[in-house]
Amino acid sequence: MQINCKGLNAFRNARRVVIKLGTSTITKSTGEIDHVQLKNIVDQVAKLRAKDYQVVIVSSGAIAAGVESLGLKARPAAIPELQAAASVGQGLLLHEYATLFSEHGLKVGQVLLTQHDIVHRQQYLNSRNALKTLLKLGIVPIINENDATAVDEIKFGDNDTLAALVANLVNADILILLSDIEGLYTCDPRFGGDACLIPEVKDITSELEDLAGSVGSEFGSGGMATKVQAARIAIFACVGMVITNGRRPNVLVDIMDGKRIGTFFIPRKKKLSGRKLWIAFGKSTAGSITVDDGAVNALIASGKSLLPAGVVASEGEFQEGDAVNIKDMRGRIFGKGITNYSSDEVDRIKGLKTSEAMEKYPESMNNEEIIHRDCLVILR
């Protein structure tokens, strides 16, 4: 079966592909690297390269390779041991990729990133230039988070989000997330019931996010929820994204031939700017601001900035320059932005007209807007 015409055109016109290999895709149930499966993936990537696709690989498995090399019985729980396993495993994993790709006359280059390298402007430019140069030279970049030193990335991070940010970084056409599940289902297929695969997604709604659950494996850090988050980034970056089972025979070639496999997320027609992508997905939130229905309409329909008059309440402790979620009266997040005021200041001026706030608190009213439109992203 083929996907619809709009989706099929995304594959027909694609030249640059980012492929994320989940831990479950390239490791055994014991947590050790599945060398046969890794060779299978490399062979498929080589076929795509032979068809003139430029391919970037975001690979999990460094910690698993380290666990195997160090003779550990299970993935460590302590951060220092995870770092040690990653440090040992990164070199081993890259060596195996280099050996396997050399059989096809292809070279690889390792790029270790954290989200910091992507969401800060100068690092973003340096990373983009490095990756585009590798692709221009015909080299297959092998990307992973720098787990040997980035504590937060090990403890909370995931390569699904990294892959989506990389797809935006290199202006990819298609992002493929290979996992241990066929795609996004109407309910968790592990628990039986009437779970049905969702073949295409146009909009990521709150109802769809509820379906994501926490589908993951013992040796990986990302579940279906992180994949839906990656899809949101990809959609806003105008990148088509597929979630599917990485152990399906010939999966990569079939996807790029436009066959209906897994769940395909249809990209938006208009790309979000790099700065707004950073605000929306790269900068962590420090709190939230709830606004009334009039402000919701002004922000979404009229493209206005957020003024004090529309604010009902704030949650959390945040400072000027922090990112905050924007909620409607029903508690639904529909936007995110960089605030010009702290949570204490927002609480003082909420509900006031701008002129009233400036008259009442002249010492702290440095901006008319709590969040300026240029620093605000509508997510719905």
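Everything below is about the structure shown above.
Remember, it's a predicted structure, so these values are computed and weren't measured experimentally.

This brings us to helix H14 (residues 293-300). Since the α-helix advances by 3.6 residues per turn, residues separated by three or four positions end up pointing in the same direction. Buried within H14 are the following residues: Ala295, Val296 and Leu299. When H14 is viewed along its axis, its buried side chains cluster within an angular range of 105° and face the same direction. Looking at the packing, one finds that the buried side of H14 touches strand E9 (285-291), strand E11 (323-327), strand E12 (333-338) and strand E13 (376-378). Measuring from the side-chain oxygen of the N-cap residue of H14 to the backbone nitrogen of Gly294 gives 3.2 Å; that N-cap residue is Asp292.

In this section: unusual backbone geometry. A positive phi is found at Asp52, a non-glycine position, where the angle reads about 70°. Take Asp52: its relative accessible area is 60%, and that puts it in the exposed class. Although it is not a glycine, Cys238 sits at a positive phi angle of roughly 65°. Take Cys238: it is sitting in the loop between helix H11 (224-236) and strand E7 (240-245). According to the relative accessible area criterion, Cys238 is partly exposed, its value standing at 23%.

Quick look at the layout of surface pockets now. Its volume calculated, the second largest pocket comes out at about 450 Å³. Lining of the second largest pocket is provided by 24 residues; of these, Ile204, Arg232, Phe236, Leu379 and Arg380 occupy positions nearest its centre. Looking at the lining of the second largest pocket, the elements with two or more residues in it are helix H10 (206-212), H11, E12 and E13. Across the lining of the second largest pocket, the residue classes tally to 12 nonpolar, 2 polar and 10 charged.

Take the nonpolar core next. One finds Val18, Ile143, Val166, Leu175, Ile204, Met241 and Phe265 to be the most contacted residues of the largest nonpolar core, which totals 55 residues. At 8 residues, the largest contribution of residues to this core is made by H11. Residues contacting Phe265, with those up to four places away along its chain left out, are Leu184, Val201, Ile204, Ala231, Ile235, Val239, Gly240, Met241 and Ile243. Core analysis: the next-biggest nonpolar cluster, separate from the first, contains 37 residues, Ile41, Ala46, Leu93 and Leu100 among them.

In sheet architecture, strand pairing relies on hydrogen bonds along the backbone and comes in two forms, parallel and antiparallel. Strands sit in the order E10-E9-E11-E12-E13 across an open sheet of 5 strands; the sheet is mixed. Looking at which strands have only one partner, the edges of the open sheet turn out to be strand E10 (311-315) and E13. Taken over all neighbouring pairs, the strand axes of this sheet differ in orientation by 25° on average, direction set aside. Bridge count for E11 against E12 is 5 bridges, and the pairing is antiparallel. Among the inter-strand pairings, Ile326 is bridged to a residue of E12, identified as Gly335.

Turning our eyes to something else, we now look at the pairing of strand E5 (residues 174-179). Counting buried residues in E5 gives 6 out of 6 residues, a clear majority hidden from the surface. Every second residue of E5 is oriented toward a common face, with Ile174, Ile176 and Leu178 on one face and Leu175, Leu177 and Ser179 on the other, all of them buried. Note: E5 against E7, 6 bridges, orientation parallel. Considered in E7, the bridge of Leu177 is made with Ile243.

Parameters and conventions
Residues numbered from 1 in each chain as written. Predicted model: local features only at pLDDT ≥ 70, side-chain atom pairs only at ≥ 80, totals over all residues. Heavy atoms only, no water. Buried < 20%, exposed > 50% of the residue type's maximum accessible area, 1.4 Å probe, protein only. Helix = DSSP H or I, 4+ residues; strand = E, 2+ residues; numbered from the N terminus. Arc of directions from axis to C-beta. Contact = heavy atoms within 4.5 Å. Polar contact = N/O pair within 3.5 Å; in protein donor to acceptor, adjacent residues only side chain to side chain. 1 Å grid on protein atoms, 1.4 Å probe; cavity = no way out; pocket = protein on both sides within 12 Å on 5 of 7 lines; lining within 4 Å. Points joined across faces, edges and corners; volume = space filled by probe spheres on them. Nonpolar A, V, L, I, M, F, W, Y, C, P; charged D, E, K, R; others polar. Core = buried A, V, L, I, M, F, W, Y, C linked by side-chain atoms within 4.5 Å. Pairing = 2+ DSSP bridges. Axes fitted to C-alpha atoms, helices over the stretch in contact; angles between N-to-C directions.

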